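Residues per chain are reported as follows:
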Amino acid sequence: MPEMMTQEVMQEPKHIIYREVSVPEPGPDQVLVKVKKIGICGSDIHVYHGTHPYTSYPITQGHEVSAQVVKAGDYVKDFKPGDRVVLEPQVVCGRCYPCLHGKYNLCEKLKVYGFQTTGTGSEYFVADVRNVTPLPDELSYSDGAMIEPLAVTVHAAKQFPGVKGSKAVVLGCGPIGILLIQSLKALGAAQVLATDISDGRLELAKSLGADKVVNTMKEDYAKALVEFYGPDKADVVYECAGSDITMDQAIQNARKGSTIILVAVFGKKANVDLAKLNDSELDLNTSMMYRHEDFVDAIRFVQEGKVQLKPLRTAHFAFRDWPKAYEYIDNNRETTMKVIVDVDPDEKDQ
């Protein structure tokens, strides 16, 4: 009889069950891993509430993950049982134009663990070796579960070629915004001004590297921007809130000829002032996920102490308490940053 494992399944919005399934066998170019920690992100919350536009049910969640290799396929040379790893959750075709030109994060047939294909929400998981990256010993498994969102922000920061020595703005201080502040500093940004409507989030942003924070419910953003950076304002603005209000703040107050980078995912069609965008000849750029080099840089930044992850971890929940994790997030929106699901109960690192 095959060995069995427990797997999480979201049958429909707000309805999670657990089922017993067989532990999968890795193929020749795959590894079987024991899942340790899984992070919950904003997109997971959209799936929980039934508002994610590209996910159908039932679905096993989990894309921010750390794990340990249990078994390696016959062709796998770089990993062995016992190795600590993180998984890159993109499943790509390798044949479309973006894939063939090094931009597989834009694959025409992209699938992401936990959204368009089975996620890691189980005791064991099989991954293609191309999706596996070593996790250094000095990083905890909880750190490992946060490398994926950190890689999002590393990739986003790099979308502005002149990031080194730049004057930057980050609009929105959720987990991605605060990780982006740290990524910008790690990549050499000279100064970062950050905005939000939560004093608590702004206080955390300030403690993790923001040079100036502005609560836009209490202060005028345009005035604060000029007071801090002078009349030349910022070189680049990163929109991390995903709202018409913050995108309008970005467009109306950007220095002419400067750059705005959209990092947030908008939940609906945006209503923005394209006339002003055109009149100021602004570069509007975007950022989509990451590539392997962004994972490598993310891990290095944590190793070098340039990025701190632990201050962003708000709470841990047991694997079987995944539904309670969502309830906690819904009830503590203002103060919650990153919630971790502890799939392996033997791993207690916070």
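Residues numbered from 1 in each chain as written. Predicted model: local features only at pLDDT ≥ 70, side-chain atom pairs only at ≥ 80, totals over all residues. Heavy atoms only, no water.

Some details on the state of the cysteines
Scanning the model with the defined rule gives zero disulfides in all. With no disulfide of its own, Cys96 lies 3.6 Å from the sulfur of Cys99, the closest cysteine sulfur. Looking at the unpaired Cys107, the closest cysteine sulfur is the one in Cys93, lying at 3.6 Å. On the basis of relative accessibility, which here comes to 7%, the residue Cys107 falls in the buried class. (Disulfide = S-S within 2.5 Å. Buried < 20%, exposed > 50% of the residue type's maximum accessible area, 1.4 Å probe, protein only.)

Examining the layout of surface pockets
Taken as a whole, the second largest pocket encloses approximately 210 Å³ of empty space. Around the second largest pocket sit 16 residues that line it, and Tyr113, Thr118, Phe125, Val126 and Ala127 are the ones nearest its centre. At the level of secondary structure, the elements contributing two or more residues to the lining of the second largest pocket comprise strand E1 (4–12) and strand E8 (124–128). At five residues, E8 tops the list of elements feeding residues into the lining of the second largest pocket. (1 Å grid on protein atoms, 1.4 Å probe; cavity = no way out; pocket = protein on both sides within 12 Å on 5 of 7 lines; lining within 4 Å. Points joined across faces, edges and corners; volume = space filled by probe spheres on them. Helix = DSSP H or I, 4+ residues; strand = E, 2+ residues; numbered from the N terminus.)

Brief notes about the packing of helix H1 (residues 42–49) against helix H11 (residues 322–331)
For the pair H1 and H11, the least separation of the axes is 11 Å and the interaxial angle reads 105°. The orientation of H1 relative to H11 falls into the category roughly perpendicular. The segment H1 lies against H11, with Asp44, Ile45, Tyr48 and His49 engaging Tyr326, Glu327, Ile329 and Asp330. Looking at the contact of H1 with H11 residue by residue, the class counts come to four nonpolar, one polar and three charged. (Axes fitted to C-alpha atoms, helices over the stretch in contact; angles between N-to-C directions. Parallel < 35°, antiparallel > 145°, perpendicular 65-115°, else oblique. Contact = heavy atoms within 4.5 Å. Nonpolar A, V, L, I, M, F, W, Y, C, P; charged D, E, K, R; others polar.)

Considerations on helix H6 (residues 199–207)
Listed as buried for H6 are Arg201, Leu202, Leu204 and Ala205. Taken around the axis of H6, the buried residues stretch over an arc of 160°, which confines them to a single face. Opposite the buried face of H6, by more than 90 degrees, sit the exposed residues Glu203 and Ser207. On the buried face of H6, the contacting elements are helix H5 (175–186), strand E11 (191–196) and strand E12 (212–215). Positioned one or two residues after H6, Gly209 has a phi angle of 125°, which is positive. (Arc of directions from axis to C-beta.)

Let's talk about unusual backbone geometry
For the peptide bond that leads from Tyr57 to Pro58, omega is 0°, which places it in the cis range. Along the polypeptide, Pro58 turns up in the loop between H1 and strand E4 (64–72). Phi at Glu281 is positive, roughly 45°, even though this residue is not glycine. With respect to the helices and strands, the residue Glu281 is situated in the loop between helix H9 (274–279) and strand E15 (283–286). Of note, Met289 is a non-glycine position whose phi angle comes to about 55°, a positive value. Summarising the element assignment, Met289 is placed in the loop between E15 and helix H10 (292–303). Its relative accessible area of 15% is what places Met289 among the buried residues.

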